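The residues making up each chain are set out below.
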Amino acid sequence: MFVGVTIADAAIGHALPPAGESQSFMGALLVACVLNLIAVVLLTRPLSMAIRHYRPDLPTIVARDYAGRAVVLVIAVGILAAGLAHRATIKQHQRAMRDATARAQAWIGDHAPAEFRRNALELDVYAIEPGHVFRICVPSTARHYCVVVKTDQPFQRSVSFAGYESNAVFAQGAW
């Protein structure tokens, strides 16, 4: 049961990450395994003692097995609940990124040099502050044209020119 529920936890964590925008299956498997192991080690003995208090006829090993199953299932429910609670934040960040992309395309279409306007559909988006501030670049043959979009600002003030360095350079901190 431990292995099966741990794999199910990893699938849940991958599909519904409890933090961040996404989580790899292997990362979710590692988190689930660690959580389950810690919970089993720390909680099965006290819980099995409580079970034996109400059911003294149960052998200790059986009570501990019941406790282990309960603990692993509670961890699975917790991972599912955290993923579902965080899902709304992920959806809000995705909507904000689509909004920022539309604002950037409109602004680039009006303000950028012609060489960049031609490529206005080939955007590279970098979330500076996920859900609120994005750096969006349009490539050309030799350089990029980048803007910063603040989605919490009115459309007229939400976009500003941000230079010619690509988001890859910006993300490394060399801007």
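Residues numbered from 1 in each chain as written. Predicted model: local features only at pLDDT ≥ 70, side-chain atom pairs only at ≥ 80, totals over all residues. Heavy atoms only, no water.

Asker: Which residues make up the nonpolar core, and what are the values?
Answerer: Counting 15 residues, the largest nonpolar core has I108, I136, Y145, V147 and V149 as the members making the most contacts within it. Elements with a contribution of two residues or more to this core: α3 (60-111), β2 (133-139) and β3 (144-150). Here the element with the most residues in this core is α3; it accounts for five residues. Here Y145 is in contact with W107, I108, H111, A112, P113, F116, I136, C137, V138, F161, G163 and Y164, once residues within four sequence places are set aside. (Core = buried A, V, L, I, M, F, W, Y, C linked by side-chain atoms within 4.5 Å. Buried < 20%, exposed > 50% of the residue type's maximum accessible area, 1.4 Å probe, protein only. Helix = DSSP H or I, 4+ residues; strand = E, 2+ residues; numbered from the N terminus. Contact = heavy atoms within 4.5 Å.)

Asker: Any details on α3? Residues and values, ideally.
Answerer: For α3, which comprises 52 residues, the first-to-last C-alpha distance of 75 Å matches the rise-based estimate of 76 Å (1.5 Å per residue) to within 8%. At H86, α3 is deflected by roughly 30°, the largest bend along its length. (Expected span 1.5 Å × (residues − 1). Bend = angle between axes of the 7 residues up to and from the residue.)

Asker: Explain the state of the cysteines to me, and be specific about the residues and the numbers.
Answerer: According to the stated counting rule, one finds one disulfide in the structure shown. The disulfide partner of C137 is C146, and the gap between their sulfur atoms is 2.0 Å. Its S-S torsion of approximately 110° makes the covalent link between C137 and C146 right-handed. (Disulfide = S-S within 2.5 Å.)

Asker: So what about empty space enclosed by the protein? Which residues, and what values?
Answerer: Evaluation of the coordinates by the stated rule reveals one cavity of 30 Å³ or more. The computed volume of the largest cavity comes to approximately 50 Å³. In terms of lining, the largest cavity is formed by D9, G13, P18, Q23, A28, V31, A32 and I79. Those elements giving two or more residues to the lining of the largest cavity turn out to be α1 (2-15) and α2 (25-54). In terms of residues, the lining of the largest cavity owes the most to one element, α2, which gives three residues. Counted by class, the lining of the largest cavity contains five nonpolar, two polar and one charged residues. (1 Å grid on protein atoms, 1.4 Å probe; cavity = no way out; pocket = protein on both sides within 12 Å on 5 of 7 lines; lining within 4 Å. Points joined across faces, edges and corners; volume = space filled by probe spheres on them. Nonpolar A, V, L, I, M, F, W, Y, C, P; charged D, E, K, R; others polar.)

Asker: I'd like a description of the sheet that holds β2, backed by residues and values.
Answerer: Pairing between the strands of a sheet is mediated by backbone hydrogen bonds and can be parallel or antiparallel. Spatially, four strands are ordered β1-β2-β3-β4 in an open sheet, and the strand pairing comes out antiparallel. Two strands in the sheet have a free side with no partner beyond their single neighbour: β1 (124-129) and β4 (159-163). Sheet twist, expressed as the average angle between the axes of neighbouring strands with direction ignored, equals 25°. Inspection of the sheet shows β3 paired to β4 by four bridges, in the antiparallel sense. Residue pairing in the sheet places V149 in a bridge with V159 of β4. Of the strands in this sheet, β1, β2, β3 and β4 touch α3, which is tilted by about 130° from β3. (Pairing = 2+ DSSP bridges. Axes fitted to C-alpha atoms, helices over the stretch in contact; angles between N-to-C directions.)

Asker: Please set out the pairing of β3 residue by residue, giving values where relevant.
Answerer: In terms of residue burial, β3 counts as a mostly covered element, since five of its seven residues are buried. Pairing analysis gives seven bridges linking β2 to β3, with the strands arranged antiparallel. Considered in β3, the bridge of I136 is made with V147. Hairpin connection between β2 and β3: a loop of four residues separates the two successive antiparallel strands.

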